[in-house]
Amino acid sequence: MAKRTPIFAANWKMNKTLADLQPYTTRLDSRLDEVCDQVSTDFEVILFPPACFLETAARLVDDSEIQVGSQNSGPAPSGAFTGELPPRSLREMGIEWTLIGHSERRHVFKETDTLIAKRLQAALEGGLSAMLCVGELLEERKAGKTMTTIESQLKIVKEVVSSTKASHFALAYEPVWAIGTGENATPEQAQEVHAFIRKCLIKNGWSEGATVRILYGGSAKPDNSGALMGQPDIDGLLVGGASLEADTFAELVRNGLTSRLKS
Ligand code: PGA
């Protein structure tokens, strides 16, 4: 089975300023060097800053292992889509990743699965790697509908992600009730859904489900990243609040990797 190299992603959302960027990337780079010395294993780190900082961010991390991703990406290669980011131009700027279907896009901005599928397709065709976010609302969990919600959000994977693009694709399971609330899913709750996601993708005929990387997101912090990353189907963490300070984020990465190596 292909090795699922862990990914730790910092989603700044609409936070911080351009002036914060250089001190942050410099500090994170040096803290990650320490993590590499302490934990000898491969891992990837992606920074998702606001769109207006992307070009500067890509330039600042040029000599480091940090990759840069956009928090969303346009639904077509080009055209009359005011306010959208053209995928190929992102790639030209040195942007490697994009988030697609983040819960705030789905629930605050009402993006549908149809639009999300178009974004995913355009991103992959434009040469970006894409991380598709899925997750249930609190009322869906309470009504026992977690798995049906996830299953329906996953339908687009088989339709859009060809096997040649599968290595440029990852998923993030982010229960909506855990995002920004301080209340993370327990490692067992997250593991249950991650294992379900793999099973569901394979059942639907997308055999890469066994090897695709699936990150957990929702109130991940340094003191729970170890327990989360100790679960067999959790391959990384997508982090909002705890990614805003470089030291905190690096600590979260270190604890996560240490636990992953032990499990
Ligand atoms: P959080 O956000 O870590 O602040 O809960 C995660 C996300 O929305 O990606």
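My aim in this report is to walk through the structure given alongside it, one point at a time.

Scoring rules and cut-offs
- Residues numbered from 1 in each chain as written.
- Predicted model: local features only at pLDDT ≥ 70, side-chain atom pairs only at ≥ 80, totals over all residues.
- Heavy atoms only, no water.
- Helix = DSSP H or I, 4+ residues; strand = E, 2+ residues; numbered from the N terminus.
- Rg over C-alpha atoms; globule rule 2.2 N^0.38 Å.
- Buried < 20%, exposed > 50% of the residue type's maximum accessible area, 1.4 Å probe, protein only.
- Contact = heavy atoms within 4.5 Å.
- Areas by Shrake-Rupley, 256 points an atom, 1.4 Å probe, with all protein chains shown as cover.
- Lys, Arg positive; Asp, Glu negative; His and termini not counted.
- Charge placed at Lys NZ, Arg CZ, Asp CG, Glu CD.
- Polar contact = N/O pair within 3.5 Å; in protein donor to acceptor, adjacent residues only side chain to side chain.
- Core = buried A, V, L, I, M, F, W, Y, C linked by side-chain atoms within 4.5 Å.
- Salt bridge = Lys/Arg side-chain N within 4 Å of Asp/Glu carboxyl O.
- Near = heavy atom within 4 Å.
- Pairing = 2+ DSSP bridges.
- Axes fitted to C-alpha atoms, helices over the stretch in contact; angles between N-to-C directions.
- Expected span 1.5 Å × (residues − 1).

**Remarks on the overall build of the protein chain**
Here is step 1 of the chain: Scanning the protein chain from terminus to terminus reveals 10 helices and eight strands.
Here is step 2 of the chain: In terms of overall dimensions, the protein chain is globule-like: its C-alpha atoms have a radius of gyration of 17 Å, near the 18 Å expected for 263 residues.
Here is step 3 of the chain: Taking the principal axes of the C-alpha coordinates as reference, the protein chain spans close to 45 × 40 × 35 Å.
Here is step 4 of the chain: The buried share among the 263 residues of the protein chain stands at 53%.
Here is step 5 of the chain: Across the protein chain, every contact between residues at least 6 apart in sequence was considered, and the portion connecting residues at least 24 apart equals 73%.
Here is step 6 of the chain: Total accessible area on the protein chain stands at roughly 11,600 Å², and carbon and sulfur atoms take up 51% of it.
Here is step 7 of the chain: Across the protein chain, 28 positive and 34 negative side-chain charges occur, with their mean positions spaced 5 Å apart.

**Some details on the side chain of Asp 235**
Here is step 1 of the chain: Residue position: Asp 235 is located in the loop between helix H9 (225-229) and strand E8 (236-239).
Here is step 2 of the chain: The exposure class assigned to Asp 235 is buried, which follows from its relative accessible area of 0%.
Here is step 3 of the chain: At 3.3 Å, the side chain of Asp 235 and the side chain of Arg 260 are in polar contact.
Here is step 4 of the chain: Apart from residues lying up to four places away in sequence, Asp 235 is in contact with Arg 4, Thr 5, Pro 6, Ile 7, Arg 198, Val 212, Arg 213, Ile 214, Met 229 and Arg 260.

**What to know about the nonpolar core**
Burial of nonpolar side chains together is a common tendency in soluble globular proteins.
Here is step 1 of the chain: In this structure, Phe 8, Ile 197, Leu 237 and Phe 249 are the most contacted members of the largest nonpolar core, which totals 68 residues.
Here is step 2 of the chain: The residues contacting Phe 8, other than those within four sequence positions of it, are Phe 43, Glu 44, Val 45, Ile 46, Met 229, Leu 237, Phe 249, Leu 252, Val 253, Gly 256 and Leu 257.

**Comments concerning the pattern of salt bridges**
Pairing is possible between side chains of opposite charge, provided their charged atoms come close.
Here is step 1 of the chain: Using the criterion set out here, one finds 19 salt bridges in the structure.
Here is step 2 of the chain: Here Arg 4 ties to Asp 235 by a salt bridge, and the two come within 2.9 Å at their closest N and O atoms. Of this pair, Arg 4 sits in the segment before strand E1 (7-11) while Asp 235 sits in the loop between H9 and E8; the two residues are 231 residues apart in sequence, bridging distant segments of the chain. Side by side, Arg 4 and Asp 235 carry an identical accessibility label, which is buried.

**Brief notes about the site of the ligand**
Here is step 1 of the chain: Surveying the vicinity of the ligand reveals 13 residues, the closest of which are Lys 13, His 102, Glu 174, Gly 180 and Ser 219.
Here is step 2 of the chain: In the environment of the ligand, an oxygen atom lies 2.8 Å from a nitrogen or oxygen atom belonging to the backbone of Ser 219.
Here is step 3 of the chain: Contact with the protein chains hides 95% of the accessible area of the ligand, taken as 280 Å² for the molecule alone.

**Description of the environment of Glu 104**
Here is step 1 of the chain: Tracing the chain through its elements places Glu 104 in helix H4 (residues 103-107).
Here is step 2 of the chain: The spatial distance from the C-alpha of Glu 104 to the C-alpha of Lys 13 is 9.4 Å, given a sequence separation of 91 residues.
Here is step 3 of the chain: Residues within four places of Glu 104 in sequence aside, it is in contact with Lys 13, Phe 109 and Ile 179.

**Quick word on the sheet that holds strand E3 (residues 66-70)**
Here is step 1 of the chain: Around the barrel, which closes on itself, the eight strands sit in the order E1-E2-E3-E4-E5-E6-E7-E8 with parallel pairing between neighbours. The mean angle between the axes of side-by-side strands here comes to 25 degrees, regardless of whether they run parallel or antiparallel.
Here is step 2 of the chain: Here strand E5 (residues 129-134) runs beside strand E6 (residues 169-173); their pairing, made up of five bridges, is parallel. Within E6, the position partnered with Ala 130 by the bridge is Phe 169.
Here is step 3 of the chain: Across the sheet, helix H1 (residues 18-38) is in contact with E1, strand E2 (44-48) and E3; its angle to E2 comes to roughly 170 degrees.

**Here we look at helix H10 (residues 246-262)**
Here is step 1 of the chain: When the terminal C-alpha atoms of H10 are compared, their 25 Å separation across 17 residues agrees well with the 24 Å that a helix rising 1.5 Å per residue should span.
Here is step 2 of the chain: Against E1, H1, E2, H9 and E8 lie the buried residues of H10.

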